[in-house]
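Okay, here's what each chain looks like letter by letter:
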Amino acid sequence: MAVLVTGGAGYIGSHMVWSLLDAGEAVVVLDCLSTGFRWAVAPEARFYLGDAGDRALLQRVFAENDIDSVVHFAGSAVVPESVANPLAYYENNTANTRTLVAATSRPAFATSSFHRRLPFTGRRIRPIRSARRPLRGPRVLMADPSGCRS
């Protein structure tokens, strides 16, 4: 079993990768390197260069790896850029996240649980549950780069 970390070459994502490896987890990283760096990814992690919204690439990543958990850090969070180009931010933070979640909803993944956290606030992770679905694999963690209260 492995953990997929999207945005795993960024500052927070790369630290998550190192922490998961230290905990004995197998790690797969998916990052387009728009703000991350290949050198920041631990050599023990399997690396895929690409976008979290690329359906074909996601299918390949899930087919080649026994992924049971996803930690999603591939969000855009630079405020001036988001004001200048809001549709690109919508595409990356909303549409690409939907594509990633859909990839975890295939038959091999019977159920999902979603977690959200506010960045840099020290707030605990609060699970969001669907009344119809129990909390069983895969675990999908999504960082909320917007800082919005939920």
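Placed above this text is the structure.
Residues numbered from 1 in each chain as written. Predicted model: local features only at pLDDT ≥ 70, side-chain atom pairs only at ≥ 80, totals over all residues. Heavy atoms only, no water.

Peer 1: What should I look at first to understand the packing of aromatic side chains in this one?
Peer 2: How two aromatic rings sit relative to each other is given by the distance of their centres and the angle of their planes. On inspection of all chains with the given rule, the structure shows one aromatic pair. Centroid distance Phe37 to Trp39: 5.3 Å. Interplanar angle 25°. Geometry classified as stacked. Judged by relative accessible area, Trp39 falls into the exposed class, the value being 71%. (Phe/Tyr/Trp six-rings, centres within 6.5 Å; stacked < 30°, edge-to-face > 60°. Buried < 20%, exposed > 50% of the residue type's maximum accessible area, 1.4 Å probe, protein only.)

Peer 1: Please explain the nonpolar core as it appears in this structure.
Peer 2: Considering soluble globular proteins, one finds that nonpolar side chains tend to be buried as a cluster. Among the nonpolar cores identified, the biggest contains 15 residues, and Leu4, Leu30, Val61, Phe62 and Ile67 are the most heavily contacted of them. Of all the elements in the fold, those that place two or more residues in this core are β1 (2-6), β2 (26-31), α2 (55-64), β4 (67-72) and α4 (86-103). A total of four residues in this core trace back to one element, the largest contributor, which is α2. Once residues lying within four places of it in the same chain are set aside, the contact partners of Val61 are Leu4, Val28, Tyr48 and Ile67. Grouped together as the second largest cluster of nonpolar side chains are 14 residues, Val3, Val27, Val29 and Val41 included. (Core = buried A, V, L, I, M, F, W, Y, C linked by side-chain atoms within 4.5 Å. Helix = DSSP H or I, 4+ residues; strand = E, 2+ residues; numbered from the N terminus. Contact = heavy atoms within 4.5 Å.)

Peer 1: Is there a simple way to think about α4 in this case?
Peer 2: Residues spaced three or four apart along an α-helix face the same direction, because each turn holds 3.6 residues. With 18 residues, α4 extends 25 Å from end C-alpha to end C-alpha; this agrees with the ideal 26 Å at 1.5 Å per step. Remark: the principal bend of α4, roughly 25°, maps to Asn92. (Expected span 1.5 Å × (residues − 1). Bend = angle between axes of the 7 residues up to and from the residue.)

Peer 1: How should I be thinking about the environment of Ala9 in this particular structure?
Peer 2: Tracing the backbone through its elements, the reader meets Ala9 in the loop between β1 and α1 (11-22). On the accessibility criterion, Ala9 (2% relative accessible area) is buried. Sequence spacing of Ala9 and Ala74 is 65 residues, and the spatial spacing of their C-alpha atoms is 9.3 Å. Beyond its immediate stretch of four places on either side in the chain, Ala9 contacts Ser14, Val29, Asp31, Leu33, Gly36, Phe37, Ala40 and Val41.

Peer 1: When you look at the environment of Arg60 in this model, what are you seeing that I'm missing?
Peer 2: You can see Arg60 is positioned in helix α2. Along the primary structure Arg60 and Tyr48 are separated by twelve residues, whereas in three dimensions their C-alpha atoms are 9.9 Å apart.

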